[in-house]
Amino acid sequence: FPMRGAKSLLATLVEAALALGAFFAISTVVLKVVGVTQSAFEAWSAGTPLLANNVALTYLGWGVFAPAIESNFLGRTLDVVDGMFGPLTAKWGVGVLLALVFLAGSFTILHLQAKALETRPLLMTFLFFGLQGLLILHQKSTGGAILMHIANNLLAVAASFGHITL
């Protein structure tokens, strides 16, 4: 999918913000169902490690570079799947759902290996990448997903350092 779709920057920003809000709302409900007492945001920020013992590198690495790379890779992977199996968005059905579940599961396993995360953040990682995939397919662009991911990670990094509380 191209980095820039046909949507305006404002529409892309609004949809990214709505997707991020939906992620936190869905995560809050899911975590309550599985009996987690902390907020979704607290659980999410707990999985953000310090990078090279440096706050600035952590903001840049986890807050900007990692999300841009991961979201772009997710978009490119969806593009490959789209090319191999036909237009994913031509029929919003089981094929799209299976592709998103597979890719969200793959990204969750990547985070399990990279960060040694426990169950709660991994469940949220799965939800996050599933929603990101939907946003990419909806916008036919990775731009909104990259913005959503950067905003999410910057909030998580800031919360992990105690710079913000939600």
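Residues numbered from 1 in each chain as written. Predicted model: local features only at pLDDT ≥ 70, side-chain atom pairs only at ≥ 80, totals over all residues. Heavy atoms only, no water.

> Would you mind going over the overall build of the chain with me for this structure?
Summing up its helical and strand segments, the chain has six helices and zero strands in all. Walking the chain from its N terminus toward its C terminus, one meets helices and strands in the order α-α-α-α-α-α. (Helix = DSSP H or I, 4+ residues; strand = E, 2+ residues; numbered from the N terminus.)

> Would you mind showing me how to read a nonpolar patch on the surface here?
A contiguous nonpolar patch, built from L9, L13 and L147 and spanning about 270 Å² of accessible area, is present on the exposed surface. Tracing the chain through its elements places L13 in helix 1 (residues 9-33). (Patch = residues over 30% accessible without salt bridge, like charges linked within 9 Å, V, L, I, M, F, W, Y side chains within 5 Å. Areas by Shrake-Rupley, 256 points an atom, 1.4 Å probe, with all protein chains shown as cover. Salt bridge = Lys/Arg side-chain N within 4 Å of Asp/Glu carboxyl O.)

> Would you mind going over helix 1 with me for this structure?
For the α-helix, the turn length of 3.6 residues means that residues three or four positions removed from each other point alike. With 25 residues, helix 1 extends 36 Å between its outermost C-alpha atoms, agreeing within 8% with the 36 Å of an ideal straight helix rising 1.5 Å per residue. The set of residues buried in helix 1 consists of T12, E15, A16, A19, L20, F23, F24, S27 and L31. Directly beyond the C-terminal end of helix 1, a positive phi value near 90 degrees is found at G35. (Expected span 1.5 Å × (residues − 1). Buried < 20%, exposed > 50% of the residue type's maximum accessible area, 1.4 Å probe, protein only.)

> Quick question: what am I supposed to make of the side chain of S71 here?
Along the chain, S71 falls in helix 3 (residues 55-85). On the basis of relative accessibility, which here comes to 0%, the residue S71 falls in the buried class. Within the local environment of S71, its side chain forms a polar contact with the side chain of Q132, the two groups lying 2.7 Å apart. Setting aside its immediate chain neighbours within four residues, S71 contacts Q132, I136, T142, A145, I146 and H149. (Polar contact = N/O pair within 3.5 Å; in protein donor to acceptor, adjacent residues only side chain to side chain. Contact = heavy atoms within 4.5 Å.)

> Whenever I open this one, helix 6 (residues 143-160) confuses me. Can you help?
With 18 residues, helix 6 extends 26 Å from end C-alpha to end C-alpha; this agrees with the ideal 26 Å at 1.5 Å per step. Regarding helix 6, the residues found buried are G143, G144, A145, I146, M148, H149, N152, N153, A156, V157, A158 and A159. Backbone geometry just after helix 6 places G162 at a positive phi near 80 degrees.

> Would you mind showing me how to read the nonpolar core here?
Core analysis: the biggest nonpolar cluster contains 29 residues, and F23 and M148 have the highest contact counts within it. Broken down by element, this core gets its largest block of residues, seven residues, from helix 5 (residues 119-139). Residues within four places of F23 in sequence aside, it is in contact with W44, M124, L127, F128, L131, M148 and N152. (Core = buried A, V, L, I, M, F, W, Y, C linked by side-chain atoms within 4.5 Å.)

> I would appreciate a short explanation of the environment of S8 in the present structure.
Within the secondary structure layout, S8 lies in the segment before helix 1. At 3.1 Å, the side chain of S8 forms a polar contact with the backbone nitrogen of A11.

> Mind showing me how you'd approach the packing of helix 1 against helix 6 here?
Think of two packed helices as two axes; the pair is described by the angle between the axes and how far apart they sit. Where helix 1 meets helix 6, the axes come as close as 8 Å, and the angle between the chain directions of the two elements is 50 degrees. Relative to helix 6, the element helix 1 is oriented oblique. Here helix 1 and helix 6 pass one another in a crossing that is right-handed. Across from T12, L13, A16, A19, L20, F23 and F24 in helix 1, the residues of helix 6 making contact are G143, G144, L147, M148, A151, N152 and L155. The class makeup of the residues in the contact of helix 1 with helix 6 is 10 nonpolar, four polar and no charged. (Axes fitted to C-alpha atoms, helices over the stretch in contact; angles between N-to-C directions. Parallel < 35°, antiparallel > 145°, perpendicular 65-115°, else oblique. Left-handed = near helix turned anticlockwise from the far one by under 90°. Nonpolar A, V, L, I, M, F, W, Y, C, P; charged D, E, K, R; others polar.)

> For this particular structure, what's the right way to read the side chain of Q139?
Here Q139 lies in helix 5. A distance of 3.2 Å separates a polar atom in the side chain of Q139 from the backbone nitrogen of G144.

> I would appreciate a short explanation of the packing of aromatic side chains in the present structure.
Each aromatic ring pair is characterised by the separation of its centres together with the angle its planes make. In the structure shown here, the tally under the stated rule is six aromatic pairs. Arranged with centres 5.0 Å apart and planes meeting at 80 degrees, the rings of F23 and F128 form a pair that is edge-to-face. Placement of the pair is F23 in helix 1 and F128 in helix 5, with a sequence separation of 105 residues. F23 gets classed as buried once you look at its relative accessible area, which sits at 1%. Aromatic ring contacts, followed pair by pair, group F23, F24, F73, F107, F128 and F129 into a single cluster. (Phe/Tyr/Trp six-rings, centres within 6.5 Å; stacked < 30°, edge-to-face > 60°.)

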